[in-house]
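Commentary on secondary and tertiary structure
The chain contents come next:
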Amino acid sequence: MLRFNIAKLPLHEQNLYKLIAFAVSAAFILGLLWVLLGFSDQAPTGDNEWQQTTIGASDDPLTQFSVLSEKSRWFTPAGAQLAIQPVEDPLKALEGKPESLRLTGLVTRGDKTYALFLPLIASTGTGKPAIRQLTEGDALVGDWVVERISRNQVEIRQGDEVRTLKMYQPKAK
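None of the values given here were measured: they were computed from a predicted structure.

1. Digging into the pairing of strand E5 (residues 144-149)
The pairing of strand E4 (residues 139-141) with E5 spans two bridges and is classified as antiparallel. Across the sheet, Ala 139 pairs through a bridge with Val 145, a residue of E5. Connecting E4 to the next strand, E5, in antiparallel fashion are two residues, including Gly 142 with a positive phi near 60°. Across four bridges, E5 lies against strand E6 (residues 153-158) in antiparallel orientation. Bridge pairing in E6 links Ile 149 to Val 154. Hairpin remark: E5 followed by E6, antiparallel, with three residues in the connecting loop.

Structure, rendered in structure tokens:
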């Protein structure tokens, strides 16, 4: 049997254990008094206002059961074909638009600056989209051309329309 003899401990450890025992017992007594004197956070039981539950006509379970049981939801008669609607890929709408590419980086090599674009639409070959490295004057997508590359943005042009694609900029602290 494990016996703990407090008298064999150094004086500072004896005082520590006594202080801990005093704090635990004081907390227990204070908690007991708190509950007995009625300072708890629970509302008195006499203050509860009981209200009868009402079910609206649309929430009536018997009506809902009748509606569901009228027609079979799991079995279709022979010959009835369900028209399967093809799910349209949201990225297909981006084809040929500058939004189909994401500006992922700007690199300076020698005296030339390159803009790195990552296609959002995966190529059919490898399954892994290749990063496109473009410089000023290169065709981006469709009729869009890289007009100017600056420190944190790229300007693209299609006819008279000019757009600016910006790199992510962290907030200044």
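2. Here we look at the sheet that holds strand E2 (residues 112-119)
Hydrogen bonds along the backbone pair up the strands of a sheet, which may run parallel or antiparallel. Pairing within the open sheet is antiparallel, and its three strands lie in the order E1-E2-E3. The open sheet terminates on both sides in strands that have one partner only, identified here as strand E1 (101-109) and strand E3 (132-134). Between one strand and the next, the sheet's axes are offset by a mean angle of 25°, whatever the strand orientation. When E1 meets E2, the two strands line up antiparallel, connected through eight bridges. Across the sheet, residue Leu 106 finds its bridge partner in E2, namely Ala 115.

Definitions and limits used
Residues numbered from 1 in each chain as written. Predicted model: local features only at pLDDT ≥ 70, side-chain atom pairs only at ≥ 80, totals over all residues. Heavy atoms only, no water. Pairing = 2+ DSSP bridges. Helix = DSSP H or I, 4+ residues; strand = E, 2+ residues; numbered from the N terminus. Axes fitted to C-alpha atoms, helices over the stretch in contact; angles between N-to-C directions.

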